Amino acid sequence: MTAEADDAQDTPPIRVLVAEDQSAVRAGLVLILRSAPDIEVAGEAADGEEAVRLARELRPDVVLMDVQMPRLDGVSATRQVVAEGLADVLVLTTFDLDEYVFGALRAGAAGFLLKNTDAGDLLRAVRTVAGGEGLIAPAVTRRLIEEFAAPRPVRSANAADPAVLEALTRREREVLSCLGQGLSNAEIAGRLSMAEATVKTHVSRLLGKLELRSRVQAAVLAQELGV
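Per chain, the residues get numbers from 1 upward, laid out in the order the sequence is written. In view of the model being predicted, local features appear only for residues whose pLDDT reaches at least 70, and side-chain atom pairs are presented and counted only at 80 or more, with totals across whole chains, interfaces and linings using the full set of residues. The basis for every side-chain value is the complete set of heavy atoms in the structure, and neither hydrogens nor water enter the calculation.

Examining the packing of helix H8 (residues 170–180) against helix H10 (residues 196–210)
Our working definition: To get an axis, a line is fitted to the C-alpha atoms, and for a helix only the part in contact is used. The angle between two axes follows their N-to-C directions and goes from 0 to 180 degrees. Segments assigned H or I by DSSP are reported as helices when at least four residues long, segments assigned E as strands when at least two residues long, and all are numbered from the N terminus. Roughly parallel means an angle under 35 degrees; roughly antiparallel, over 145; roughly perpendicular, 65 to 115; everything else is oblique. Residue contacts are counted whenever heavy atoms from the two residues lie within 4.5 Å of one another. In this count, Pro and Cys sit with the nonpolar residues alongside Ala, Val, Leu, Ile, Met, Phe, Trp and Tyr, while Asp, Glu, Lys and Arg are called charged and the others, Gly among them, polar.
Between H8 and H10, the shortest axis-to-axis distance is 10 Å and the interhelical angle comes to 95°. Classified by the angle between their axes, H8 and H10 sit roughly perpendicular to one another. Seen from H8, the contacting residues are Arg171, Glu172, Val175, Leu176 and Leu179; seen from H10, they are His202, Val203, Arg205, Leu206, Lys209 and Leu210. By residue class, the composition of the contact of H8 with H10 is 6 nonpolar, 1 polar and 4 charged.

Some remarks on helix H4 (residues 74–83)
Note the following rule: Relative accessible area decides the class of each residue, using a 1.4 Å probe on protein chains only: under 20% of the type maximum gives buried, over 50% gives exposed, and in between gives partly exposed. Two N or O atoms count as a polar contact when they lie within 3.5 Å, although within protein this holds only if one can serve as hydrogen donor and the other as acceptor, and sequence-adjacent residues are included solely when both atoms are side-chain atoms.
Burial within H4 is extensive, with 7 of its 10 residues counted as buried. Listed in full, the buried residues belonging to H4 are Gly74, Val75, Ser76, Ala77, Thr78, Val81 and Val82. Structurally, the start of H4 carries an N-cap: the backbone nitrogen of Val75 is 2.9 Å from a side-chain oxygen of Asp73. Gly85, located one to two residues past H4, shows a positive phi value of around 65°.

Quick word on unusual backbone geometry
Outside of glycine, negative phi angles account for most residues, and trans bonds account for most peptide bonds. Backbone geometry places Arg71, a non-glycine residue, at a positive phi of 70°. Locating Arg71 in the fold gives a position in the loop between strand E3 (62–66) and H4. Phi is positive for Ser193, which is not a glycine, with a value near 55°. Residue placement: Ser193 occurs in the loop between helix H9 (185–192) and H10. On the accessibility criterion, Ser193 (66% relative accessible area) is exposed.

A short note on the pairing of E3
To keep things clear, this is the line we draw: Any two strands with at least two DSSP-identified bridges between them are counted as paired.
Within E3, 5 of the 5 residues are buried, which leaves the element mostly enclosed by the surrounding structure. Of the two faces of E3, the one lined by Val62, Leu64 and Asp66 and the one lined by Val63 and Met65 are each fully buried. Two elements, strand E1 (residues 14–19) and E3, share 4 bridges in a ladder whose sense is parallel. Looking at the pairing, Ala19 lines up with Met65 of E3.

Re the confidence of the model for the protein
Close inspection of predicted coordinates is inappropriate for parts of the model with low pLDDT. Quick note on the threshold: Residue-level confidence of the predictor, termed pLDDT, takes values from 0 up to 100.
Residues at a pLDDT of 70 or more form 82% of the protein, whose mean pLDDT is 82. Below a pLDDT of 50 lies the segment residues 1–8, which in the model reaches 2 contacts outside its immediate sequence neighbourhood of four places, other chains included. Below pLDDT 50 for its whole length, residues 151–158 participates in 4 contacts with residues either more than four positions away or in separate chains.

What to know about the pattern of salt bridges
We count it as follows: By definition, a salt bridge exists where a carboxyl oxygen of Asp or Glu is found within 4 Å of a side-chain nitrogen of Lys or Arg.
Tallying each qualifying case throughout the model produces 14 salt bridges. Between Glu40 and Arg15 there is a salt bridge, and its shortest N-O distance comes to 3.7 Å. Taken together, the positions of Glu40 in strand E2 (residues 39–45) and Arg15 in strand E1 put the pair 25 residues apart, joining distant regions of the chain. Residue class for Arg15 comes out partly exposed when judged on its relative accessible area of 24%. For Arg56, the salt bridge goes to Glu84, with nearest N and O atoms at 2.6 Å. With Arg56 in helix H3 (residues 48–58) and Glu84 in the loop between H4 and strand E4 (88–93), this residue pair connects regions lying 28 residues apart in the sequence. You can call Glu84 partly exposed: its relative accessible area is 39%. Salt bridges sharing common partners tie together Glu20, Asp66 and Lys115.

What follows is the structure, given as structure tokens:
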């Protein structure tokens, strides 16, 4: 057996909690996840309240969260899971741009995918989020950029204040700009000629300074401020 195989066996599987109220859809998601040897389905939830309860009980690595669920919607459930530091949340929905997208991002979701995403992309998304990197489906990214690029004659009271950037070092601003372009840690390392571990440190620090819950929120902020 090779050293690589030994390392693969020693690496614990990514534990995923699937929260989806439609049983047929949930069964399909579970089937896809279980097809991957490096992913384990830790539990299933049929509503938002159950998702939060199981996240507290099971402490999965990732919660695959539907946004429209009974008792407690996915955005509110995401907010609780993230606020308590229970897991990273990958949101699934049929909507490509509405209040659910922004609500989930504001709640601290680490990723956002449409339900028509194919099996391979779903598995890659789970691995990406579990690895500490944010992800937004390309279709959603395009719409988000269009939204941020739209002219705003009157500044919203909720709009980000450019002054928040004053707390960042020059290097942290460069990393934030790369996040806004959707680059991974490895891509940022190549772009800025630094070690990937150093990129992770910069990301962690800038999230703390900006009081953000996820790198996806940082990417949205970068887009909004034109960094």
